[in-house]
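Okay, here's what each chain looks like letter by letter:
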Amino acid sequence: MKAFEIKFTKTILLASFFMTILAIVFCVFGTQKVNAVSSAINIPTDYVNIGFPHGMVMSDDGDIWYVDTLNTRLVKYDPDTNTIVRTVGRLGTNEGEFSSGIYNITQDDEGNLYILSTNGLVYKLDSNGGYLASYDLTVGGGLAYPNGLSSPRGITYDAYTNSILITNHDNDRVEKFTKDLEFVSGFGSHGSGNYQFDGPWGITTDSSGRIYVADEYDTNSRIMVYSSGYSYLFQIKNWVDENKVPRGFTGESAVKDVLILDDGTITVTAQNASRVVQFNSSGGYLRTWGFTGPDIRHMQGPEFMVKDSTNNIYVSDLGKNSILKYSNTGTYLDSLKKLDLESGKL
């Protein structure tokens, strides 16, 4: 009888042990399909939604963080393996959640991420997406307008001055902040003068501190270039192409973003024209590429850009809800989402 009791007890203990192991496995792996926060997910799958990519930043590890406006979250994407590495956040008002207007992103020299919302909020996260702080820049803080940031669109970290620059879209200004989002200074007003804007959108700087602003709307539609101290240098608006035909950004082109390659090449997205135009560091015309069309290599609404360590260019395309990869001269290389897939889902 004792032998039977001992054997029975061992059986119960073994069963309990295996049930515990199964429970742990389920907890660890069973939730991976609904929570991609810390898992690597190969593309394509039946449950990953890449959403609507907008603003992007290239991290030091070669991955791209992008803002997914459809799902109100950040997505970290490995372009070398075509893999979603991490997703961060969701719609909400609690710590670690985002408001409904997140749109653009930048990263400072310490790896911290700054997520810009079009309602005037900025969220600061660590390099892994952990929540650090949030800032309401719609009121006070020394900004020139009583409503502070109004529908801001562009944000960039300026290594030259160790500061954050934001385009104050509806107020037609550029604003500078510390990395703790304390207001430093700004410039601009509405108009078409050398220190005026009509809906500034994307913004970036180069190694010498030059500030490049994509001035989007109507008769302006141009790239404005300033020194680090806000002195006007030049603008890019009209040019003569390789066929000696006069060209220019028109109000219909919707100039959205500007990117500076390592050799100084100025790269510009003209969204409504579905093209990218490149100029040398002095504003001289180089080439145009992209254009609209059904082929995956073409565009249907390019907006923001980032570059990798070899100056390949990644373009977020609103019409295709995808990220397209090109060489530094416009040769199509790859994309995050294939053309025949719809609604931002893989």
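First, a word on scope: everything that follows refers to the structure included in this document.

Cut-offs used in this document
Residues numbered from 1 in each chain as written. Predicted model: local features only at pLDDT ≥ 70, side-chain atom pairs only at ≥ 80, totals over all residues. Heavy atoms only, no water. Helix = DSSP H or I, 4+ residues; strand = E, 2+ residues; numbered from the N terminus. Buried < 20%, exposed > 50% of the residue type's maximum accessible area, 1.4 Å probe, protein only. Pairing = 2+ DSSP bridges. Salt bridge = Lys/Arg side-chain N within 4 Å of Asp/Glu carboxyl O. 1 Å grid on protein atoms, 1.4 Å probe; cavity = no way out; pocket = protein on both sides within 12 Å on 5 of 7 lines; lining within 4 Å. Points joined across faces, edges and corners; volume = space filled by probe spheres on them. Nonpolar A, V, L, I, M, F, W, Y, C, P; charged D, E, K, R; others polar. Polar contact = N/O pair within 3.5 Å; in protein donor to acceptor, adjacent residues only side chain to side chain. Contact = heavy atoms within 4.5 Å. Phe/Tyr/Trp six-rings, centres within 6.5 Å; stacked < 30°, edge-to-face > 60°. Lys NZ or Arg CZ within 6 Å of the ring centre and 35° of its normal.

Overview of the environment of Ser 281
Mapping Ser 281 onto the fold places it in the loop between β22 (275-279) and β23 (285-290). Along the primary structure Ser 281 and Ile 260 are separated by 21 residues, whereas in three dimensions their C-alpha atoms are 8.5 Å apart.

Re the pairing of β22
Most of β22 is tucked away: five of the five residues are buried. Burial along β22 is two-sided: the residues Arg 275, Val 277 and Phe 279 and Val 276 and Gln 278 are all buried. Here five bridges tie strand β21 (residues 266-270) to β22, and the two strands are oriented antiparallel to one another. Looking at β22, one finds that Ile 266 is bridged to Phe 279. Remark: four residues form the turn of the hairpin made by β21 and β22, two consecutive strands paired antiparallel; Ser 274 in that turn has positive phi of roughly 50 degrees. Two elements, β22 and β23, share five bridges in a ladder whose sense is antiparallel. Looking at the pairing, Val 276 lines up with Trp 289 of β23. Following β22, the chain reverses through five residues before pairing antiparallel with β23; Gly 283 in that reversal takes a positive phi of roughly 95 degrees.

Re the pattern of salt bridges
Going through the model one piece at a time under the given rule, you end up with 12 salt bridges. Put simply, Arg 90 and Glu 97 hold a salt bridge, and the shortest N to O gap is 2.8 Å. Given a relative accessible area of 10%, Glu 97 falls into the buried group. A salt bridge links Asp 180 to Lys 124, with the shortest nitrogen-to-oxygen separation between them at 3.5 Å. In this pair, Asp 180 is assigned in the loop between β12 (173-177) and β13 (183-187) and Lys 124 in strand β8 (residues 121-125), connecting sequence segments 56 residues apart. Owing to a relative accessible area of 47%, Asp 180 belongs among the partly exposed residues under this scheme. Lys 124 gets classed as buried once you look at its relative accessible area, which sits at 9%. Here the residues in one salt-bridge network are Asp 61, Asp 63 and Lys 76, joined through shared partners.

Here's the deal with the layout of surface pockets
Empty space within the largest pocket amounts to approximately 1,100 Å³. The wall of the largest pocket is formed by 45 residues, among which Val 57, Met 58, Thr 204, Leu 259 and Lys 307 lie closest to the centre. Among the secondary structure elements, those contributing two or more residues to the lining of the largest pocket are β2 (53-58), β6 (102-107), β10 (155-158), β14 (200-205), β20 (255-260) and β24 (302-307). Counted by class, the lining of the largest pocket contains 19 nonpolar, 14 polar and 12 charged residues.

Details of the side chain of Glu 216
Mapped onto the secondary structure, Glu 216 falls in the loop between β15 (211-215) and β16 (222-226). Its relative accessible area of 4% is what places Glu 216 among the buried residues. Of note is the side chain of Glu 216, whose polar atom sits 2.7 Å from the side chain of Lys 256. Beyond its immediate stretch of four places on either side in the chain, Glu 216 contacts His 169, Asp 198, Gly 199, Trp 201, Ser 221, Ala 254, Val 255 and Lys 256.

Here we look at the packing of aromatic side chains
Counting across every chain of the model gives 18 aromatic pairs. Between Tyr 103 and Trp 201 the ring centres are 6.2 Å apart and the planes differ by 75 degrees, which places this aromatic pair in the edge-to-face class. A residue pair is termed long-range when its members are at least 10 positions apart, and Tyr 103 in strand β6 and Trp 201 in strand β14 qualify at 98 residues. One exposure class covers both Tyr 103 and Trp 201, and it is buried. Between Tyr 226 and Tyr 232, the aromatic rings sit 6.1 Å apart at their centres with planes inclined by 70 degrees, giving edge-to-face as the arrangement. A relative accessible area of 23% means that Tyr 232 is categorised as partly exposed. Put simply, the rings of Phe 187, Tyr 195, Phe 197, Tyr 226, Tyr 230 and Tyr 232 touch in pairs and so form one group of aromatic residues. Positioned above the aromatic ring of Tyr 103, the side-chain terminus of Arg 153 is 4.9 Å from the ring centre. Above the ring of Trp 201, the side-chain terminus of Lys 256 is found at 3.2 Å from the ring centroid.

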